[in-house]
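# Coordinate inspection notes
The primary structure of each chain is shown beneath.
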Amino acid sequence: MTAPAIEQHPDIAALRARYDRAAETPTAQLVEGLTLLTGLYLAMSPWVVGFTDHGGLAASSLFSGVAVALLALGFASAYGRTHGIAWVTPVIGVWTILSPWLVSGPTADASAVTSTVIAGALAVLFGLGMLTMGMRRRM
């Protein structure tokens with residue numbers, strides 16, 4: 001007789017169920033939705049704000065925004081399986097805040113910097129919110 005796969009271990013199944021229950025709360029759904037909207041805005045901000053001529057910053061915003069949006073979709077659909085990478089969203093947010101000064105290319109104007117920094121700060125805030133979703137049940 002062979003032992004069941006580790007994914008079927010009762011403790012792991014219970015842990016995933018706990019994370020999924022935490023993700024079903026209205027607060028968690030609000031944070032996930034706001035994270036998704038932040039990612040979508042960040043991805044389209046070069047065209048909305050008008051800094052597509054800043055190639056490096058525009059590309060950084062596009063890729064960072066798509067990554068945040070995809071992470072939010074992953075958390076919303078299967079937090080029990082994706083909670084281990086919840087720390088990535090705040091890291092992307094920090095990168096987004098710093099990117100106007102770190103990305104090579106022409107110096108970004110005030111509107112591009114303001115938009116990028118605010119979107120990055122929201123990604124950090126909502127990412128930290130997603131990090132605490134699973135821990136809140138334990139406390």
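For the structure given in this document, a descriptive report is provided here. (Residues numbered from 1 in each chain as written. Predicted model: local features only at pLDDT ≥ 70, side-chain atom pairs only at ≥ 80, totals over all residues. Heavy atoms only, no water.)

We now examine empty space enclosed by the protein. All told, the structure shown has one cavity of 30 Å³ or more when counted by the stated rule. In this structure, the largest cavity encloses a volume near 60 Å³. H54, G55, G56, L57, S99, P100, V103, S104, G105, P106 and A108 are the residues that line the largest cavity. With three residues, helix 3 (residues 55-82) is the largest single contributor of residues to the lining of the largest cavity. In this structure, the lining of the largest cavity is formed jointly by two domains, domain 1 (1-81) and domain 2 (85-138), each of which donates at least three residues. (1 Å grid on protein atoms, 1.4 Å probe; cavity = no way out; pocket = protein on both sides within 12 Å on 5 of 7 lines; lining within 4 Å. Points joined across faces, edges and corners; volume = space filled by probe spheres on them. Helix = DSSP H or I, 4+ residues; strand = E, 2+ residues; numbered from the N terminus. Domains from an automatic or database assignment.)

Counting through the fold element by element, S60 comes out in helix 3. At a separation of 2.9 Å, a polar atom in the side chain of S60 contacts the side chain of W95. If sequence neighbours within four positions are ignored, S60 has contacts with W95, S99 and V103. (Polar contact = N/O pair within 3.5 Å; in protein donor to acceptor, adjacent residues only side chain to side chain. Contact = heavy atoms within 4.5 Å.)

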